[in-house]
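One-letter residues, chain by chain:
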Amino acid sequence: MASEEPRFDGRGGKWIGASVRRREDPRLVTGRGRFVDDIHLHGMLHAGFVRATVAHGKITELDLSAAREVDGVVAAYSAEDLQLGDMVALLDRPPEEFTPTTMPILARGKVRFVGEPIALVIAKDPYAVEDGIEAAQVGYEVLDAVVSEETALAEDAPLVHEDAPSNVLLDVTSFDTPGVDEAFADGCVIELVTRSGRQNALPLETRGAVASWDDRDEQLLVQTCSQVPHQVRTVLARSLRIPERSVRVVVPDMGGGFGQKCVVGREEIAVAAAAKLLRRPVKWIEDRSEALASGFLAREQRYRTRAAFTEDGQLTALESDIVCDMGAYSCYPFTVGIEPLMAAAEMPSVYRVPAYRVRARAITSNKAPTAPYRGVSRPQYVMVMERIMDLAARRLGLDPVEIRRRNVITEFPYTGINKVTYDPGSYLESLELGEKILRDEGWYDLRGKNPHIGIGYSCFSERTGYGSEAFAKRKMTVVPGFDVSEIRMDLTGSVVVTSGTINHGQSHETTFAQIVAERLGVDLAKVKLRQGDTERISYGWGTFASRSVTIGGSAVATAATRLGEQLCVIAAHLLDTRVENVGLDGDGGVIQLDDPDRRLSFEEIADVAYLRSHLLPKEAEPTLTATAAFDVPGDGTFSNATHAVVVEADPGTGQVKILRYACVEDCGVVINPKVVDGQARGGIAQGIAGALFEEVTYAENGEPSAASFIDYLVPTAAEIPDITVDHLETPCAFTESGAKGAGEGGTIGAPAAVLNAVNDLLWRTGVQLEQTPIHPEAVLAALTAADREKAGTGA
Amino acid sequence: MTDKQLIVLTVNGEEHELLVEPRWTLLDVLRHNVGLTGTHVGCEHGVCGACTILVDGEPVRACLMYAVQAEGCAIRTVEDLGTPEEPNDLQQAFSEHHGLQCGFCTPGFLMLAEGFLAQEPSPTREEIRETVSSNLCRCTGYQTIVDAIEATAAKRTGRKEDAVR
Ligand code: FES
Ligand code: FES
């Protein structure tokens, strides 16, 4: 293994840190990937849903007879026909804190949001499905809809769930430490109300499933694009009342998920039930209009916050009242707690907060239900913290970077007021580098000359290794966290390694293989990753919360280490030496340390393990396999970053354009720099989308505004600028590779940085915007008012 | 409603005799009747561009065309560009520049770029950006897609300095 470029292409056994090309690409760039809709089974039928057209109403009539008559329609089912068990997502909290609600698979008696599935139509082709849906008769007694916080919390509010009086499903005062009131009494007090709009995670591949029942095996096979196949299996088994062994969930290639696919959908369950009843494969593919109106949403939050500072800019207390509009149902398994509990627990962010009081509520409304979406609440509370820093800096006459410098955590490990212990990061270093980039490039000078240019920062951390200990604090009755991996070497010295995580764009097939290749000392080409099959993978928690490389990757690395040890034990025996006297040679073999000429290749060892097991040492079992489970202890791992942004507002239209976007990120040891850059840029694009463009709004009757891409503004290449990504590397103490996760940071940092940049240029107008998306109208109004004033005063 | 029509489509140089309903889109027929699933469905209303294919050399959204309208046209889909063993230069550039993550939008971007570069072999970066703004990608933030197309253009026109290595 001669190596000219030791780091770059992984030669010389240095696979970690190498920007090796993605191993998933050959099939994906040639159209040979296999996504759910590409699956075609013999005799397959197609399914679609009759969905609610009113946001809140009693179903007075549901007549599917005309639908069943439609040419090509094979069956039509109501909730009554399918008799499925409901989904119930629970928190282990007292009734004054949490009110449980159920999500039926198909609506029964009542609908709670526009787009809620009421009945299922099965037909020979998707066109006939549409005809069938159109023929279905549904009658409603329309009820008043809950579409705003004000309506939800009003005295005589209409109730979304009868068993949830007051429409509040979760109400917790997570922290109320001493010293809050004292700090406010004699500090400089910043108050603000921030809001963020309801968004759709919007994977480009919509949700979908192909379900089939195998009589010989008595097994249901559900191929679906899910980030959590094992959890889908659990719900399928429970809802259909069959043993888990009778359900196999397989995830093929997946066109993005971003959290929307890490909860269990009702549709997969209904379609599986139909396939079992009909004994024929059934395919459901969500169309874009369905995905926009009734796909899981996120992010509609309001924070009423106060922060106290000393005269020299030290934050002394933080108080916030958080309300998250979780929509009509509690998602499985994360519950309605996902947003409010995350926000309350982690709001102090990267800053030292001596006193903290926070109340967080989840309210229910007649809107599409919510699920985790890339970043979960962190884009929102980071926006709060970063706005506070900027507002306090203005008030106290400090530079925005300086005030952050005075408050940012610099000693690690640090245990915050929120009882969270942060592992080492580069909070201050990333901030200073971000500022330096903008200064060196002359953006500050330009801003001095052009009043329509603004500069904004956001400095944040994100918990990426959520082990079960960290999740348990949330008191879900279903606690995610660990992951399991199995590795097997064959006679050719190749290994197949499994992971319970799911690749849907994050390049697992490449980065996990890099981890194994380095651990085991084999060429990348010898490693194959298997994911997304509940029959092949013993158990897994899937991919969300940037947990793949931290937890899944650590399980994979540990399994590889164990396999390496096994190889050494056998090799030592065959070489007739002590096990301490052998080691992996980094090139697919084991060498004798005191005599490196004595070497056995993995193939030679495998030959004994499989074909001549009588030669094995007593302590070794036949075959070469190892398994490992991994869980991150304590509070987990934290990646961090600073985003530094320059924007320009068009004084004629109020349109905000991003002139420069610099991301300085630290996700610990970088396994593949190009993959991390890609995660950062893609995340930032979604964060910019939230900051400037995307929002699902609702009319008073609960009708959603976004029914097609015409009404939902997804940014294109024209709106997303080129983004530089600089890496700092503070290795993680808790993971096997030293890597922390990198999936969500971009999305978390962008809204705050963009909002701060816009407010920086608006400062002179006296108007500050505290809401995303930032509408051009609002920017324009502020600018023109200021300009008029300036003209009037002759300034 | 089920009066089907017999049509002949020329896809990637091969003729296919197909019995289709007039309302079936070219997208559905390519995917489900011809069996070429590389062309993806992202919206079915002409906005996302995941379904972009070449019809007589022009990038076209296959979801906005009925199959019956495509008779007599030369249709090219992503499967015609290259194979996993031998991807074409544009496909290689997408991989080299990390121009894809989940890969769902990729066939649409590739066909768009293939058609665009045939018409405009030496575009500026801004022109590339503007052209690809007709398609949506939810994963990459677009920059690396623009990089890949820029590099391919450079390589094809022999501009060595920023060509793909
Ligand atoms: S599927 Fe044709 S443009 Fe979206
Ligand atoms: S790579 Fe996922 S949508 Fe473009």
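Above this text is the structure in question.
Described in the following lines is the structure provided in the data block.

Parameters at a glance
Residues numbered from 1 in each chain as written. Chains lettered and ligands numbered in written order. Predicted model: local features only at pLDDT ≥ 70, side-chain atom pairs only at ≥ 80, totals over all residues. Heavy atoms only, no water. Helix = DSSP H or I, 4+ residues; strand = E, 2+ residues; numbered from the N terminus. Rg over C-alpha atoms; globule rule 2.2 N^0.38 Å. Contact = heavy atoms within 4.5 Å. Areas by Shrake-Rupley, 256 points an atom, 1.4 Å probe, with all protein chains shown as cover. Lys, Arg positive; Asp, Glu negative; His and termini not counted. Charge placed at Lys NZ, Arg CZ, Asp CG, Glu CD. Axes fitted to C-alpha atoms, helices over the stretch in contact; angles between N-to-C directions. Parallel < 35°, antiparallel > 145°, perpendicular 65-115°, else oblique. Nonpolar A, V, L, I, M, F, W, Y, C, P; charged D, E, K, R; others polar. Polar contact = N/O pair within 3.5 Å; in protein donor to acceptor, adjacent residues only side chain to side chain. Pairing = 2+ DSSP bridges. Phe/Tyr/Trp six-rings, centres within 6.5 Å; stacked < 30°, edge-to-face > 60°. Buried < 20%, exposed > 50% of the residue type's maximum accessible area, 1.4 Å probe, protein only.

## Quick word on the overall build of chain B
Along its length, chain B carries 5 helices and 5 strands. Starting at the N terminus and walking to the C terminus, you meet the elements of chain B as β-β-α-β-β-β-α-α-α-α. In terms of C-alpha radius of gyration, chain B reaches 16 Å, essentially the compact-globule figure of 15 Å for 165 residues. Its C-alpha atoms give chain B principal-axis dimensions of roughly 55 × 30 × 25 Å. Considering only residue pairs separated by 6 or more positions, chain B has 54% of its internal contacts joining residues 24 or more positions apart. With an accessible surface of roughly 6400 Å², chain B has 47% of that area assigned to carbon and sulfur atoms. If you average the places of the 13 positive and of the 25 negative side-chain charges in chain B, the two averages end up 7 Å apart.

## Thoughts on the overall build of chain A
When helices and strands are counted, chain A shows 21 helices and 33 strands. By principal-axis analysis of the C-alpha atoms, chain A measures approximately 95 × 70 × 50 Å. Long-range contacts, defined as pairs at least 24 residues apart, comprise 78% of the intrachain contacts of chain A with a sequence gap of at least 6. Where the 80 positive side-chain charges of chain A centre and where its 114 negative ones centre are 2 Å apart.

## Comments concerning the packing of helix H12 (residues 400-407) of chain A against helix H13 (residues 427-440) of chain A
Residues and elements named next belong to chain A. Two elements in contact, H12 and H13, have axes separated by 10 Å at closest approach and are oriented at 170°. Taken as axis vectors, H12 and H13 run roughly antiparallel relative to one another. On the side of H12, the interface is formed by Val401, Arg404 and Arg405, while H13 contributes Leu428, Leu431, Glu432 and Glu435. Among the residues forming the contact of H12 with H13, the class breakdown is 3 nonpolar, no polar and 4 charged.

## Examining the side chain of Thr543 of chain A
Residue and element names in this part refer to chain A. As for its placement among the helices and strands, Thr543 is situated in the loop between strand E25 (527-531) and helix H17 (548-575). In this structure the side chain of Thr543 is engaged in a polar contact, spanning 2.8 Å, whose partner is the side chain of Ser548. Apart from the residues lying within four places of it in its own chain, the contact partners of Thr543 are Gln227, Cys262, Thr501, Ile502, His504, Gln506, His508 and Ser548.

## Points about the sheet that holds strand E15 (residues 282-285) of chain A
Residues and elements named next belong to chain A. On the basis of which strands lie adjacent, the open sheet formed by 7 strands has the order E3-E7-E1-E15-E12-E13-E14 and mixed pairing. Of all the strands in the sheet, the pair left with one neighbour each is strand E3 (73-78) and strand E14 (247-250). When the angles between neighbouring strand axes are averaged without regard to direction, this sheet yields 25°. Judged from the 4 bridges that link them, strand E13 (residues 219-224) and E14 form a sheet pairing that is parallel. The residue of E14 that forms the bridge with Leu221 is Arg248. Sitting on the sheet, helix H4 (residues 126-135) touches strand E1 (45-51), E3 and strand E7 (117-123), and the angle it makes with E1 is about 25°.

## Examining the environment of Thr627 of chain A
Mapped onto the elements of the fold, Thr627 of chain A is located in strand E29 (residues 624-630). Along the primary structure Thr627 of chain A and Ala555 of chain A are separated by 72 residues, whereas in three dimensions their C-alpha atoms are 8.3 Å apart.

## A look at the pairing of strand E32 (residues 723-728) of chain A
Note: strand E31 (residues 656-666) of chain A against E32 of chain A, 6 bridges, orientation parallel. Bridge pairing links Tyr661 of chain A to Ile723 of chain A in E32 of chain A.

## Thoughts on the side chain of Ser601 of chain A
Take Ser601 of chain A: it is sitting in strand E28 (residues 595-601). Leaving out residues up to four positions away in the same chain, Ser601 of chain A has contacts with Gly588 and Gly589 of chain A.

## Considering the packing of aromatic side chains
Residue and element names in this part refer to chain A. Taken as a whole and assessed by the stated rule, the structure comprises 14 aromatic pairs over all chains. Judged by centre distance (6.2 Å) and plane angle (75°), the ring pair of Tyr539 and Trp541 falls under edge-to-face. With relative accessibility at 23%, the residue Tyr539 sits in the partly exposed group. With a relative accessible area of 5%, Trp541 lands in the buried category. Members of the aromatic cluster, joined through ring pairs, are Phe334, Tyr466, Phe471 and Phe544.

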